[in-house]
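Structural overview
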Amino acid sequence: MAKQVLVVDDEKLIVKGIRFSLEQDGMEVDCAYDGEEALQMAKNKEYDMVLLDLMLPKVDGLSVCQQIREFSNVPIVMLTAKGDDMDKIMGLEYGADDYITKPFNILEVKARIKAIMRRTGKPAAAESRSRVVEAGDLVLDCESRRVTIAGKEINLTAKEFDVLELLVFNPGKVYSRENLLDTVWGYEYPGDVRTVDVHIRRLREKIEENPSEPKYVHTKWGVGYYFQH
């Protein structure tokens, strides 16, 4: 099955370039040029990936990202022209999985897309034996990438799931923020360790009864994060 990608940017030349390049790799690409159109398309069709510009007419990129998150866990990569760190972190705060700063190299975009699709795609048949881990009330199903707590399903983004999966499979092992960044985001990732803190905070807000007194994802001060129940 060809991967379905939605590219959202009001700069038609950028959209045209990305579309051409992704189609060369056998992906099917839909395009939207404003936030309203993007939301409509994301509701009407299941995509494997959304490339989403920050500055959009009608509805801005962060609002689009936030609204898509209300009904879908599709991986979202923000395209941002601003080099400001806070913008990047804001993008991740709103549920994006990654960001790329303009002007970008199309090869970098493709590499990033493929890396995310590899991580979020269904495992190959050989690996797809059911891996279900139970830790207290928390149940992690790696094949369907679902998390439930006391029978209630928790909606995690692709990155939040990756972080939780790594910690759950290595209980008690403390991962530094740098270590998590390298393992989950990859060595090529240009972001900084605050990205990890943002994801851990969001993860705790979703899985912990009291995020300031976590039951599952703990902090070892000055070292990093670990899982215990």
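What counts as what
Residues numbered from 1 in each chain as written. Predicted model: local features only at pLDDT ≥ 70, side-chain atom pairs only at ≥ 80, totals over all residues. Heavy atoms only, no water. Pairing = 2+ DSSP bridges. Helix = DSSP H or I, 4+ residues; strand = E, 2+ residues; numbered from the N terminus. Axes fitted to C-alpha atoms, helices over the stretch in contact; angles between N-to-C directions. Contact = heavy atoms within 4.5 Å. Buried < 20%, exposed > 50% of the residue type's maximum accessible area, 1.4 Å probe, protein only. Arc of directions from axis to C-beta. Polar contact = N/O pair within 3.5 Å; in protein donor to acceptor, adjacent residues only side chain to side chain. Core = buried A, V, L, I, M, F, W, Y, C linked by side-chain atoms within 4.5 Å. UniProt positions renumbered as here; feature names shortened; annotations may be inferred. Phe/Tyr/Trp six-rings, centres within 6.5 Å; stacked < 30°, edge-to-face > 60°. Lys NZ or Arg CZ within 6 Å of the ring centre and 35° of its normal. Parallel < 35°, antiparallel > 145°, perpendicular 65-115°, else oblique. Nonpolar A, V, L, I, M, F, W, Y, C, P; charged D, E, K, R; others polar.

The name an unreviewed UniProt entry gives the protein is Stage 0 sporulation protein A homolog, with Marvinbryantia formatexigens DSM 14469 as the organism.

Before going further, it helps to spend a moment on the sheet that holds strand β1 (residues 4-8). Hydrogen bonds between backbone groups are what pair the strands of a sheet, and the pairing can be parallel or antiparallel. Reading across the sheet, the 5 strands line up as β2-β1-β3-β4-β5 and stay open at both edges, with parallel pairing between neighbours. Each end of this open sheet is capped by a strand with a single partner; those strands are β2 (28-32) and β5 (98-101). Strand-to-strand, the axes of this sheet are offset by a mean angle of 20°, without reference to chain direction. Sheet topology places strand β4 (residues 76-80) next to β5; 4 bridges connect them, and they run parallel. For T80, the partnering residue across the bridge sits in β5 and is T101. In this fold helix α2 (residues 35-44) packs onto β1 and β2, with an angle of close to 140° to the strand it touches most, β2.

Moving on, we come to α2. Residues of α2 that are buried include every one of G35, A38, L39 and A42, and no others. Along the long axis of α2, the arc covered by the buried residues comes to 95°, so they all point the same way. At its buried positions, α2 is contacted by β1, β2 and α3 (61-69). For α2, the N-terminal cap is D34; the gap from its side-chain oxygen to the backbone nitrogen of E36 is 3.0 Å.

Turning our attention to the environment of V139. Structurally, V139 can be placed in strand β7 (residues 138-141). Remark: the alpha-carbon pair of V139 and E153, spanning 14 residues in sequence, is separated by 9.3 Å. When near neighbours in sequence (up to four residues on either side) are disregarded, V139 contacts V132, V133, E134, R146, V147 and T148.

A separate point is the nonpolar core. Core analysis: the largest hydrophobic core is formed by 28 residues, its most contacted members being L164, I207 and V217. Contributions of two or more residues to this core are made by β7, β8 (146-149), α6 (158-169), α7 (177-185), α8 (194-207) and β11 (224-227). Ignoring anything within four residues of it in the chain, the contact list for L164 reads L140, V147, L156, L203, I207, V217 and F227. Among the nonpolar cores identified, the runner-up in size contains 22 residues, and V59, C65, M78 and A96 belong to it.

Let us look at the UniProt feature "modified residue: 4-aspartylphosphate" (unreviewed entry) in the protein. In this structure's numbering, the residues bearing the UniProt feature "modified residue: 4-aspartylphosphate" (unreviewed entry) are D53. Structurally, D53 can be placed in strand β3 (residues 49-53).

Before going further, it helps to examine the packing of aromatic side chains. The relation between two aromatic rings is expressed through the spacing of the ring centres and the mutual angle of the planes. Applying the stated criterion across every chain, the model contains 1 aromatic pair. Considering the side-chain rings of Y216 and F227, the 6.0 Å spacing of their centres and the 10° angle between planes classify their relative orientation as stacked. Linking Y216 in the loop between α8 and β10 (217-220) with F227 in strand β11, this pair joins segments that are 11 residues apart in sequence. A relative accessible area of 1% means that F227 is categorised as buried. The ring of Y33 has K12 lying over it, and the distance from NZ or CZ to the ring centre is 4.5 Å.

Here we take up α3. Within the sequence span of α3, burial applies to G61, L62, V64, C65, I68 and R69. Summarising the axial view, the buried residues of α3 lie within an arc of 160°, below the 170-degree limit, and thus occupy one face. The N-terminus of α3 is capped by D60, whose side-chain oxygen sits 3.0 Å from the backbone nitrogen of L62.

Interhelical geometry of α7 versus α8 gives an angle of 85° and a closest axis separation of 9 Å. Here α7 is positioned roughly perpendicular relative to α8, judged by the angle of their axes. Seen from α7, the contacting residues are R177, L180, L181 and W185; seen from α8, they are T195, V196, D197 and H199. When grouped by side-chain class, the residues that make up the contact of α7 with α8 number 4 nonpolar, 2 polar and 2 charged.

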